[in-house]
Amino acid sequence: MNNDRERAPRLARYATREEGSPGRKVPESPPTHRSEFQRDRDRIIHSTAFRRLVYKTQVFVNHEGDLYRTRLTHSLEVAQIARTVAGAMCLNEYLAEAICLAHDLGHTPFGHAGQDALNACMRDHGGFEHNLQSLRVVDELEEKYADFQGLNLMFETREGILKHCSVRRAKELGAVGDRFLTGRQPSLEAQLANLSDEIAYNSHDVDDGLRAGLLTVDELRNVAVFEKAHEEVRAKHPILDGRRLIYEIVRRLIGYMVDDLVEESGRRLDEVAPEDAESVRVANGPLVGFSEPMAAVHRELKKFLLDRLYRHSRVLRMTTKARRTVTQLFDAFASDVRLMPAEFSAAAERAASENGDRGRLRVVSDYIAGMTDRYAILEHERLFSPGQPT
Ligand code: MG
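Quick look at the structure, then. Everything numeric in this text was worked out from a predicted model, so none of it was measured. (Residues numbered from 1 in each chain as written. Predicted model: local features only at pLDDT ≥ 70, side-chain atom pairs only at ≥ 80, totals over all residues. Heavy atoms only, no water.)

Binding of the magnesium ion to the protein goes through His74 (NE2), His103 (NE2) and Asp197 (OD), at separations of 2.1 to 2.4 Å. The sequence pattern formed by the donor residues of the magnesium ion is H-x28-H-x93-D. You can see His74 sitting in helix H4 (residues 71-89) and its partner Asp197 sitting in helix H11 (residues 188-211), a full 123 residues away along the chain. The same class applies to His74 as to Asp197, namely buried. (Donors = N, O, S within 2.8 Å, 3.2 Å for Na, K, Ca; no water. Helix = DSSP H or I, 4+ residues; strand = E, 2+ residues; numbered from the N terminus. Buried < 20%, exposed > 50% of the residue type's maximum accessible area, 1.4 Å probe, protein only.)

Our focus in this paragraph is the packing of aromatic side chains. Under the defined criterion, the tally for this structure stands at four aromatic pairs. Judged by centre distance (6.4 Å) and plane angle (80°), the ring pair of Tyr367 and Tyr375 falls under edge-to-face. A residue is classified by how much of its surface remains accessible, and Tyr367, at 5% relative accessible area, is buried. One aromatic cluster in this structure is built from Phe333, Phe344, Tyr367 and Tyr375. Cation over ring: Lys228 sits above Tyr256, and NZ or CZ is 4.0 Å from the ring centre. (Phe/Tyr/Trp six-rings, centres within 6.5 Å; stacked < 30°, edge-to-face > 60°. Lys NZ or Arg CZ within 6 Å of the ring centre and 35° of its normal.)

Right, let's get into the pattern of salt bridges. In total, this model carries 40 salt bridges according to the counting rule given. As a salt-bridge pair, Arg252 and Glu248 come within 2.8 Å of each other at their nearest N and O atoms. Of this pair, Arg252 and Glu248 both sit in helix H14 (residues 242-272), separated by four residues, roughly a single helical turn. Here the two residues Arg252 and Glu248 agree in accessibility, since each one is buried. With a closest N to O distance of 3.6 Å, Asp307 and Arg311 form a salt bridge. With a relative accessible area of 34%, Asp307 lands in the partly exposed category. A relative accessible area of 49% means that Arg311 is categorised as partly exposed. Overlapping salt bridges, with partners in common, bring together Arg24, Glu28, Glu36, Arg39, Asp40 and Arg43 in one network. (Salt bridge = Lys/Arg side-chain N within 4 Å of Asp/Glu carboxyl O.)

Bear in mind that shape data such as this cannot, by itself, settle questions of function.
Shown next, in the form of structure tokens:
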């Protein structure tokens, strides 16, 4: 709390402050040397789910190479971008950082392919969505503290993690889901975390795609923003090529997007002039955002990545395998929960007696969602290859 007070003069009037926050579900005494949001950040970094991110796929499966982004390096890049922008806009940097570090905690192994497969498996039992799962990880699944389940994070951190959510699920979530029922906006820090995620993956997927040899500089030059950066680098360094050329381009992409975000958000904030953090929530739309031309740039880049990278035959072969692995794991554990480690099978039986199939299968999906890529592969081998030790 001390730190936040000291920082208060540097916080804009519409930044989130811990004073006046709904706080934590289970009240705790204030931290001595940190602000409440720094405490959240630290709890996230010390969580088991956070450590597992290092072995979870962003686009490329973890064992495909050591140089690609994983969920961990992705989360760090997102946090770094958000901190820079938060600093520039005098927002609460610690809150933005905590949200970013936690935003992917609920991701399944094998990236979106894993999530789609698990969602299909859970279709009749409440579905699976990585956003909701990230909230579930910090609210319930982490078991570290004597006094509460989960990490007992601040309301604003939890609200930021829950980026989107159906009306049906929002009704089950209590206060943190309210804004999906009332159409209110989340904090500026949550809005910023969301866009920092976009900046990070759009630029690092270009980098990883080039590194993997699935994309070429020449084809990327058809994307206007890439060509702009390419021209700029070429003008300054006419003979640069290879990794340095790519990195000089990628760092400019990040720079254009960050500059636009700071400028456009500043413009909206000037126009709406919110009195305080509460006024941000009742604004007509998000106040942190890209200008329309930059939003168009993102759409173009995203479409390019979708067509050329995410649907590249090599990526599709990987995602098909991943989907099959997750589905087969689910079917095996769903048909006999005793195949899971003792703590999960016991939890599944408890959940079944309280909530029937829906409860039982939620524990199966928690177990699978928590797996790293390599653990899922190993577990699949142990279950399906007769020659493997069980
Ligand atoms: Mg992300």
